[in-house]
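Descriptive structure summary
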Amino acid sequence: MTDKNKHLLRLADWSEERILDTVEIAIRLKKEVHNGQFSDRFHGQNIGMFFEKPSLRTITTFQVGIHQLGGSAVLLAPDSIGLGKRESIHDVATCLSRWVNALVVRCFKQELVEKLAEYGSIPIINALTDDSHPCQAFAFAQTIREQLGDFSGKTVAFIGDGNNVANSFLVLCAKLGMNFTLACPQGYEQPEAVIREMEPLLKKRGRQYRVFHDPKEAVKDADILYSDVWVSMGQEGEKAAKQSHFLPFQINDELLRFAPSHCKVSHCLPAHRGEEITDSVMDNPKINMAFEEAENRLHAHKAVLWQLMTPTADLGKV
Ligand SMILES: NCCC[C@H](N)C(=O)O
Ligand SMILES: NC(=O)OP(=O)(O)O
């Protein structure tokens, strides 16, 4: 039986207290980086990076963050490893657990991160699957904390596909007492299971989960609008079929006129400018927080590792 607290497999596995603590660690580590201070908490430790899907931000910030904490990032090659084909997931997880101190994984199936955690003995960090993107949620939470002060009662309106990022943000909102709104074309809602799992928590805290098919309705009471690509990695074949449905779900100056004047915008990036978001919004630093959130990926990932990794001085005691 996997101890979910030893990993970051899904944000839903972590308590509100632990999420908030991680955000505060990230804010502290950000200050330290800006002051040129670097802890060597992971001196001598090696962290594997297994990425089946492309990445700029996640792969770069994990590596930079690991180096800043005194550790080494080891880039693994999925094609060479042939996970599940050349060698079983069990045997790969068992071998890696004898060489590296943690494993950061970006893959298609959520089941893979769960199995690596089950079979191995090192922390597994979900760096995006088809179902979820908890690391992005941590950077988003840090950005909200820094730019808007607190979480309670804020409303996040996710404009676009009910995808992996939307799923982790719904969980984030439920855990931290925010409202979550999805504006999507009919048929592109989030999986029922994610909604069902979070509904009791939202209800307990007096927060709302809403779905709109008219983005203008969805943004009316939003504090933050969020955007992501309409076609996620691995779904490229659906692009032609999706495009026309999603055209009304662009974040642009016109849509912003229906949102409160204080409303901010963010995007997990990469942005497809002219599709889900316009240049005019992307290039407006008064409202666009996406690049700050991109910087926060660095600090948030370090904070996640801080929570999960055994400090170097304690190695051998466990
Ligand atoms: N860089 C994050 C990309 C998120 C997107 N939903 C995807 O899965 O491709
Ligand atoms: N937002 C995000 O995960 O970026 P990358 O896909 O570039 O890592």
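Being a predicted model, the structure only gives us computed values, none of them experimental.

1. Considerations on the overall build of the protein chain
Along the protein chain, the regular secondary structure elements total 13 helices and nine strands. Against the globule reference of 20 Å for 318 residues, the protein chain gives a C-alpha radius of gyration of 19 Å, in line with a compact fold. Here the C-alpha coordinates of the protein chain stretch approximately 55 × 45 × 40 Å along the principal axes. Residues classed as buried in the protein chain amount to 56% of the 318 residues present. For the protein chain, long-range pairs separated by at least 24 residues make up 76% of all intrachain contacts whose partners lie at least 6 apart in sequence. For the protein chain, the exposed area adds up to about 13700 Å²; of that, 51% sits on carbon and sulfur atoms. Computing the positive centroid from 36 side-chain charges and the negative centroid from 41, the protein chain places the two 3 Å apart.

2. Description of the UniProt feature "domain: Aspartate/ornithine carbamoyltransferase carbamoyl-P binding" (unreviewed entry) in the protein chain
Those places that UniProt annotates as "domain: Aspartate/ornithine carbamoyltransferase carbamoyl-P binding" (unreviewed entry) correspond, in this numbering, to residues 6–146. Overall, residues 6–146 shows 49% helix and 13% strand. The separation of its end C-alpha atoms is 27 Å.

3. Quick look at the UniProt feature "domain: Aspartate/ornithine carbamoyltransferase Asp/Orn-binding" (unreviewed entry) in the protein chain
Those residues carrying the UniProt feature "domain: Aspartate/ornithine carbamoyltransferase Asp/Orn-binding" (unreviewed entry) are residues 153–307 in this numbering. Between the C-alpha atoms that bound residues 153–307 the distance is 27 Å, and the span itself is 41% helix and 14% strand.

4. Let's talk about the environment of Cys95
Summarising the element assignment, Cys95 is placed in helix α4 (residues 89–99). On the basis of relative accessibility, which here comes to 27%, the residue Cys95 falls in the partly exposed class. C-alpha of Cys95 to C-alpha of Gly160: the two residues are 65 residues apart in sequence and 40 Å apart in space.

5. Observations concerning the environment of Leu308
When you line up the elements, Leu308 lands in helix α13 (residues 290–308). When its relative accessible area of 10% is taken as the criterion, Leu308 is described as buried. Spatially, the C-alpha atom of Leu308 lies 11 Å from that of Phe42, the residues being 266 residues apart in sequence. In this structure Leu308 touches Asn5, Lys6, His7, Leu8, Trp14, Arg18, Pro123 and Ile125, once residues within four positions along its chain are discounted.

6. Quick word on the sheet that holds strand β6 (residues 179–183)
Reading across the sheet, the five strands line up as β7-β6-β5-β8-β9 and stay open at both edges, with parallel pairing between neighbours. This sheet does not close on itself; its edge strands, each paired only once, are β7 (209–212) and β9 (264–267). Strand-to-strand twist in this sheet, taken as the mean axis angle between neighbours without regard to direction, amounts to 20°. Note: strand β5 (residues 155–159) against strand β8 (residues 224–227), four bridges, orientation parallel. Across the sheet, residue Ala157 finds its bridge partner in β8, namely Leu225.

7. Quick notes on the site of ligand 2
What surrounds ligand 2 is the set Ser55, Leu56, Arg57, Thr58, Arg106, His133, Gln136, Cys268, Leu269 and Arg297. Contact between ligand 2 and His133: an oxygen atom at 2.9 Å from a side-chain N or O atom of the residue. In the environment of ligand 2, a nitrogen atom lies 2.9 Å from a nitrogen or oxygen atom belonging to the backbone of Leu269. Here ligand 2, which alone exposes 250 Å², has 96% of that area covered by the protein.

8. Looking at the site of ligand 1
All residues adjacent to ligand 1 are Leu128, Asn163, Asn164, Val165, Asp228, Val229, Ser232, Met233, Cys268, Leu269 and Pro270. A distance of 2.7 Å is found between an oxygen atom of ligand 1 and a backbone nitrogen or oxygen belonging to Met233. Relative to its unbound accessible surface of 290 Å², ligand 1 loses 95% to contact with the protein. Class assignment for the residues of the shell around ligand 1 results in seven nonpolar, three polar and one charged.

9. Some remarks on the sheet that holds strand β4 (residues 124–126)
Pairing within the open sheet is parallel, and its four strands lie in the order β2-β1-β3-β4. Of all strands in the sheet, those with a lone pairing partner are β2 (72–76) and β4, marking the two edges. Across the sheet, the mean angle from the axis of one strand to that of its neighbour is 25°, orientation sign disregarded. Looking at chain direction, strand β1 (residues 46–51) and strand β3 (residues 102–106) are connected through five bridges and run parallel. Within β3, the residue paired with Ile47 across the bridge is Ala102.

What counts as what
- Residues numbered from 1 in each chain as written.
- Chains lettered and ligands numbered in written order.
- Predicted model: local features only at pLDDT ≥ 70, side-chain atom pairs only at ≥ 80, totals over all residues.
- Heavy atoms only, no water.
- Helix = DSSP H or I, 4+ residues; strand = E, 2+ residues; numbered from the N terminus.
- Rg over C-alpha atoms; globule rule 2.2 N^0.38 Å.
- Buried < 20%, exposed > 50% of the residue type's maximum accessible area, 1.4 Å probe, protein only.
- Contact = heavy atoms within 4.5 Å.
- Areas by Shrake-Rupley, 256 points an atom, 1.4 Å probe, with all protein chains shown as cover.
- Lys, Arg positive; Asp, Glu negative; His and termini not counted.
- Charge placed at Lys NZ, Arg CZ, Asp CG, Glu CD.
- UniProt positions renumbered as here; feature names shortened; annotations may be inferred.
- Pairing = 2+ DSSP bridges.
- Axes fitted to C-alpha atoms, helices over the stretch in contact; angles between N-to-C directions.
- Near = heavy atom within 4 Å.
- Polar contact = N/O pair within 3.5 Å; in protein donor to acceptor, adjacent residues only side chain to side chain.
- Nonpolar A, V, L, I, M, F, W, Y, C, P; charged D, E, K, R; others polar.

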